[in-house]
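Listed here are the chains, written in short residue letters.
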Amino acid sequence: MSRRSISEQMSDEPIEILTRRPSKAKRNREWEKRQYQKGLFVAYRGVPKELHENLKKVANDLGVPVGEVARAFLEYGLEACKRGDLVLQPKPVTGKFSLFPEED
């Protein structure tokens, strides 16, 4: 029995593993896409859970969405920076700067 090359052993059909399969996602993400395009969707990472819980409590007490409370604090903080009432001091941390360097 003679040896055959790999190309002789393969058929012309695509290998199933390499073909793209249709997505099985069931959620419609159109609403999220529209919000992102309007500039209404923003996410921040690294917010401690305790801080988030405090924001939720304030929002619940006022009867408004959490995002509106976060926006109010952001706007207030930015104005305080402009006035000089809030001074931020970044510290170097492993090749970058951080306002919240980890304590030893």
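These remarks concern the structure in this document.

Basis of the calculations
Residues numbered from 1 in each chain as written. Predicted model: local features only at pLDDT ≥ 70, side-chain atom pairs only at ≥ 80, totals over all residues. Heavy atoms only, no water. Helix = DSSP H or I, 4+ residues; strand = E, 2+ residues; numbered from the N terminus. Buried < 20%, exposed > 50% of the residue type's maximum accessible area, 1.4 Å probe, protein only. Areas by Shrake-Rupley, 256 points an atom, 1.4 Å probe, with all protein chains shown as cover. Phe/Tyr/Trp six-rings, centres within 6.5 Å; stacked < 30°, edge-to-face > 60°. Lys NZ or Arg CZ within 6 Å of the ring centre and 35° of its normal. Polar contact = N/O pair within 3.5 Å; in protein donor to acceptor, adjacent residues only side chain to side chain. Contact = heavy atoms within 4.5 Å.

1. Considerations on the overall build of the chain
Item 1. Looking only at helices and strands, one finds 4 helices and 2 strands in the chain.
Item 2. Buried positions account for 7% of the 104 residues belonging to the chain.
Item 3. If you sum the accessible surface of the chain, you get close to 10900 Å²; carbon and sulfur atoms cover 55% of it.

2. Some points on the packing of aromatic side chains
Item 1. Enumeration according to the criterion identifies 0 aromatic pairs in this entry.
Item 2. Over the aromatic face of tyrosine 76 sits the side chain of arginine 83, whose NZ or CZ is 6.0 Å from the ring centroid.

3. Examining unusual backbone geometry
Item 1. Phi is positive for threonine 94, close to 40°, though the residue is something other than glycine.
Item 2. For threonine 94, a relative accessible area of 79% puts it in the exposed group.

4. A word on the side chain of serine 98
Item 1. Within the fold, serine 98 resides in strand E2 (residues 96-98).
Item 2. For serine 98, a relative accessible area of 18% corresponds to the buried category.
Item 3. A polar side-chain atom of serine 98 sits 2.9 Å from the main-chain amide nitrogen of phenylalanine 100.
Item 4. When neighbours within four sequence positions are excluded, serine 98 is seen to be in contact with Gln89, Pro90, Lys91 and Val93.

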